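# Commentary on secondary and tertiary structure
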Amino acid sequence: MTLKIYSTLSGKKETFTPLVAGKVGFYVCGVTVYDYCHIGHARVLVAFDVITRYLRSQGWDVNYVRNITDIDDKILVRAQENNEQYTELTARFIEAMHEDEAALGILRPSQEPRATAHMDDIIAMIKTLVEKDYAYRAANGDVYYRVAHFDEYGKLTNKNPDELLAGARVDIASEKEDPRDFALWKAAEQDEAGWESPWGFGRPGWHIECSAMSKHCLGSNFDIHGGGPDLPFPHHENEIAQSEAANGCQYANYWMHAGAVRLDGEKMSKSLGNFFTIRDVLQKYHPEVVRYLLISSHYRSPINYSEDNLVEAKSGLDRFYGALRRFGALESAELGDLNNDPYYQRFVDSMNDDFNTREALAAMFELARAVNAEKDEPSARPMAAALKAMGQVLGLLNSEPESFLQEAGSDAMPADQVERLIAERAQAKADKDFARADAIRDELTTAGIVLEDSAKGTKWRRE
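In this numbering scheme, every chain counts its residues from 1 along its sequence in written order. Selection of residues for local features in this predicted model requires a pLDDT of at least 70, selection of side-chain atom pairs for listing and counting requires 80 or more, and totals for whole chains, interfaces and linings are taken over all residues. Excluding hydrogens and water, the side-chain figures rest on all heavy atoms present in the structure.

The next point concerns the packing of aromatic side chains. Aromatic rings from Phe, Tyr and Trp, taking only the six-membered ring of Trp, are treated as a pair when their centres fall within 6.5 Å; an angle between ring planes under 30 degrees marks them as stacked, one over 60 as edge-to-face, and anything in between as tilted. Across all of its chains, the model carries 18 aromatic pairs by this definition. Each ring, one from Trp185 and one from Trp199, has its centre 6.2 Å from the other, and the planes form 55°; the classification is tilted. With Trp185 in strand β7 (residues 182–187) and Trp199 in the loop between β7 and β8 (202–204), this pair connects stretches of sequence that are 14 residues apart. Classification of Trp199 by relative accessible area gives buried; the value is 10%. Taken together, a centroid distance of 5.8 Å and an interplanar angle of 55° make the contact between Tyr251 and Trp255 tilted. The helix and strand labels rest on DSSP assignments: H or I over at least four residues marks a helix, E over at least two residues marks a strand, and numbering proceeds from the N terminus. Accessibility here uses a 1.4 Å probe with only protein chains present; expressed as a share of the type maximum, an area under 20% marks a residue as buried, one over 50% as exposed, and anything in between as partly exposed.

Okay, structure coming up:
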């Protein structure tokens, strides 16, 4: 099955045809670093990490670029509130972001450009837009983009001019020629954060940063542009207008947007104040449980964040790790011919259908059932190795099964106490004190411990 991608630009699934055979130029809008990353950020980061991992597993050479916005009005306001230099603030939260990514198994991008390191590229693009009459310097010293001069403005989100006037959420400043116009360069005082430019001292608008950085890293035209659910308008519409006007060619060929994370049906975001930071969630849940929740739905679908859904995610992972438990270490050399494996083919077909992780996980569940049903270990090992390989394409099943199944939360019964009670239960059964053995099982069940008795002894896991 050929790879198909749903492009926001066309509003349909399209067969993916790269600019260069076997290579993928991939740009994703990254985080504005003024606070800790929340679960909404994690959804976007994990979604495009899975896509990159899958493409590479299929032999694609992926140049994955994800920027960092390290100069922005929100950053400057937060730094002022904290009475610190904005560079100190961004350095601290960039480090925290990298820690959160590592915890969730998110691979570092091929390139991670920062806006402050590309000021020459930003100024050069604005200068080109001014020279082409797509931008103008206003009386207040700001430089604005002339939306009316770009005939295709609104093509990503299918917005017409009247909708844009009503919904752009821009400051209707008297200096603008048109309320829809947006800032490319903002004038600043010499004691503020800023850079020298042909239009005076100032700093860039948010939208121009990505246009300049993507061009520097991938060229004027590249394969895929991705981002979060809140970015199609105005950010990505503005990127298209800037880039295509400046460069004279199509910007990105395919546009991908991840779905939102919701809390009780309401979008989770910093601005609404209803968010959970990644590090707060990871204090209670294993990173793979959080990752599993984030990929258990199709990347374009919204996810409802709840305790119940995290428990369900843990249960799903338990089934995978339970299937792998009896095999110990599994090596890639133990894989059979995946090209002839029906479970792997279903997995690949699902991922080739716009990266449908929900269906890919369903293929893995079928394989897990087959592994459990196969009692002959030499026959089952290649199947188990295939299950682990599929999981690792999704960034899952990287833990040792026993440790994952027995990992304790802060308020859980310690493992050594569990082992002691299991030993006492075994002795009670040997002494035919079945009442005591049943009482111990009940105590462990109440503590969330599931016992699995077999002829080889008793194994246990946490619910």
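The next thing to look at is the pairing of strand β15 (residues 457–462). Pairing between strand β14 (residues 449–454) and β15: six bridges, direction antiparallel. If you follow Ile449 over to β15, its bridge partner there is Arg462. Paired strands, in this sense, are two strands between which DSSP finds at least two bridges. What sits between β14 and β15 in their antiparallel hairpin is a turn of two residues.

So, about the environment of Arg262. Considering the arrangement of structural elements, one finds Arg262 in strand β11 (residues 261–263). A relative accessible area of 31% means that Arg262 is categorised as partly exposed. Contacts are assigned to residue pairs that have any heavy atoms within 4.5 Å of one another. Not counting chain neighbours up to four residues away, the residues in contact with Arg262 comprise Lys267, Met268, Pro302, Ile303, Asn304 and Tyr305.

Let us look at the sheet that holds β7. Sheet strands associate in pairs through backbone hydrogen bonding, adopting either a parallel or an antiparallel arrangement. Read from one edge of the open sheet, four strands run β5-β6-β7-β8, paired in antiparallel fashion. The sheet is open, and its two edges are formed by β5 (135–137) and β8, each paired on a single side. In this sheet, neighbouring strand axes are inclined to one another by 20° on average, regardless of whether the strands run parallel or antiparallel. Here strand β6 (residues 143–145) runs beside β7; their pairing, made up of three bridges, is antiparallel. When the bridges of β7 are listed, Tyr144 appears paired with Ala183. All axes here are fitted lines through C-alpha atoms, helices being fitted over the stretch that makes contact, and every angle between N-to-C directions spans 0 to 180 degrees.

In this section: helix α7 (residues 232–247). Most of α7 is tucked away, with 15 of its 16 residues classed as buried. Gly248 sits one or two residues past α7 and shows a positive phi near 70°.

Before going further, it helps to examine the pairing of strand β4 (residues 61–66). As judged from the six bridges shared by strand β3 (residues 23–28) and β4, these two strands associate in the parallel manner. In the sheet register, Tyr27 faces β4, and the bridge partner there is Val65. The crossover handedness rule: strands pointing away from the viewer, path from first strand over the helix to second strand clockwise, crossover right-handed. This β-α-β element, β3 to helix α1 (residues 39–57) to β4, shows right-handed connectivity.

The next thing to look at is the sheet that holds strand β10 (residues 252–257). Read from one edge to the other, the open sheet built from four strands follows the order β4-β3-β9-β10, with strand pairing classed as parallel. Where the open sheet ends on each side, the last strands, each with one partner, are β4 and β10. The average undirected angle you get between the axes of adjacent strands in this sheet is 20°. Where β3 and strand β9 (residues 222–227) come together, three bridges link them in parallel fashion. Bridging across to β9, Phe26 finds its partner in Ile224.

UniProt positions are given in the numbering used here, feature names are shortened, and annotations may be inferred rather than shown by experiment. According to UniProt, the feature "short sequence motif: 'HIGH' region" (unreviewed entry) maps to residues 31–41 in the numbering used here. End C-alpha atoms of residues 31–41 are separated by 7 Å, and the span's content is 27% helix alongside 0% strand.

The next point concerns the environment of Leu231. Summarising the element assignment, Leu231 is placed in the loop between β9 and α7. Given a relative accessible area of 9%, Leu231 falls into the buried group. Sequence separation between Leu231 and Lys127 is 104 residues; the distance between their C-alpha atoms is 25 Å. Beyond its immediate sequence surroundings of up to four residues, Leu231 is in contact with Cys29, Trp206 and His236.

A separate point is the nonpolar core. The criterion is simple. A nonpolar core is a set of buried Ala, Val, Leu, Ile, Met, Phe, Trp, Tyr and Cys residues joined through side-chain atoms within 4.5 Å. Within the largest apolar cluster, 127 residues are counted, with the highest numbers of intra-cluster contacts made by Phe320, Phe347 and Phe355. Sort the elements by how many residues they give to this core and α1 lands first, with eleven residues. Residue contacts for Phe355: discarding those within four places in its chain leaves Leu3, Ile5, Ile51, Tyr54, Leu55, Met256, His298, Tyr299 and Ser350. The next biggest cluster of nonpolar side chains, apart from the first, holds nine residues, and it includes Met413, Val418, Ile422 and Leu444.

On to the packing of helix α12 (residues 357–373) against helix α13 (residues 377–393), then. Axis separation between α12 and α13 bottoms out at 9 Å; the angle between their running directions is 155°. The orientation of α12 with respect to α13, classified from their angle, is roughly antiparallel. Every pair of crossing elements has a handedness; the one defined by α12 and α13 is left-handed. Touching Met364, Leu367, Ala368, Ala370 and Val371 of α12 are Ala380, Met383, Ala384, Ala386, Leu387, Met390 and Gly391, all from α13. An angle below 35 degrees is read as roughly parallel, one above 145 as roughly antiparallel, one from 65 to 115 as roughly perpendicular, and any other as oblique. Two helices that cross are described as forming a left-handed crossing if the nearer one is turned anticlockwise from the farther one by less than a right angle, and a right-handed crossing if clockwise.

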